[in-house]
Amino acid sequence: MHLYFKDNFFSSGITDIMDREGRVIGSLDLKSAFGSSLDVYNAGGETVCSGSFRFFSNKWNITGGNGEELGLLRMRMSFFTKKFEYDAGARGVYEITSPAFSNEYEITDETGRIIAQFSRISGWLQAGAYQLQNESDVLDDWELVAVVMGIHQIRKRNNSAAASSSH
């Protein structure tokens, strides 16, 4: 399935999650411009997934609709690629990579099989918009939306830290 969703300009408020035909199939609540947490809702308005940074950490924690921990996303050190790891516990550890100057990412399972792909599809003047294609039979669409937005939040946090340390 292909999903489309985006960050808001000030990283707060509710934004739609749409399918390929432009039908709204869920929403993303970017809680606040000052915090870094979000909720993912299905078409019925039920919370199906949440994401937030762990306290004093650069690790993105993803929980299910009932608050159960689904996985932990973290950035991995790499020189020529953007690399992340999503540890989904007993469901496996997934590697997320993108070439250095690319906006396209691949998510692979422990065997190296590509289970999902996503790309940033917006221009530089607008907030991040993403296209997600999920082929996984283990990670559902909602969880992967939280993973993609977690990568966006980690990169945003790293970029603002780098910008503030250079002054």
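Above: the structure in question.
Just so we're clear, the structure is a prediction, and the values are computed from it rather than from any experiment.

## Brief notes about the pairing of strand 7 (residues 69-76)
Bridge count for strand 6 (residues 60-64) against strand 7 is four bridges, and the pairing is antiparallel. Within strand 7, the position partnered with I62 by the bridge is G71. With antiparallel pairing between neighbouring strands as the criterion, strand 6 and strand 7 make up a hairpin whose turn holds four residues, including G67 at a positive phi of roughly 90 degrees. Two strands pair when backbone bridges link them, and strand 7 and strand 8 (residues 81-87) are joined in this way by five bridges, in the antiparallel orientation. Note that in strand 8 the partner of L72 across the bridge is D87. Between strand 7 and strand 8, which follow one another and run antiparallel, lie four residues.

## Let's talk about the sheet that holds strand 12 (residues 129-134)
With respect to topology, twelve strands assemble into a closed barrel ordered 1-2-3-4-5-6-7-8-9-10-11-12, the strand pairing being antiparallel. The mean inter-strand angle of the sheet, taken between neighbouring strand axes irrespective of direction, is 20 degrees.

## Remarks on the nonpolar core
In this structure, F5, Y86 and I96 are the most contacted members of the largest nonpolar core, which totals 36 residues. It is helix 1 (residues 141-165) that provides the largest number of residues to this core, a total of nine residues. Setting aside its immediate chain neighbours within four residues, I96 contacts L73, K82, K83, F84, Y86, Y105, E106, I107, F118, V147 and I151.

## With respect to the pattern of salt bridges
Going through the model one piece at a time under the given rule, you end up with seven salt bridges. The residue R54 makes a salt bridge to E69 at a minimum N-O spacing of 3.1 Å. Of this pair, R54 sits in the loop between strand 5 (47-53) and strand 6 while E69 sits in strand 7, placing them 15 residues apart in sequence. In this structure, R74 engages E85 in a salt bridge whose closest nitrogen and oxygen atoms are separated by 3.1 Å. With R74 in strand 7 and E85 in strand 8, this residue pair connects regions lying eleven residues apart in the sequence. You can call E85 buried: its relative accessible area is 19%. Beyond isolated ion pairs, a larger network of salt bridges with shared partners links D19, E21 and R23.

About the cut-offs
Residues numbered from 1 in each chain as written. Predicted model: local features only at pLDDT ≥ 70, side-chain atom pairs only at ≥ 80, totals over all residues. Heavy atoms only, no water. Pairing = 2+ DSSP bridges. Helix = DSSP H or I, 4+ residues; strand = E, 2+ residues; numbered from the N terminus. Axes fitted to C-alpha atoms, helices over the stretch in contact; angles between N-to-C directions. Core = buried A, V, L, I, M, F, W, Y, C linked by side-chain atoms within 4.5 Å. Buried < 20%, exposed > 50% of the residue type's maximum accessible area, 1.4 Å probe, protein only. Contact = heavy atoms within 4.5 Å. Salt bridge = Lys/Arg side-chain N within 4 Å of Asp/Glu carboxyl O.

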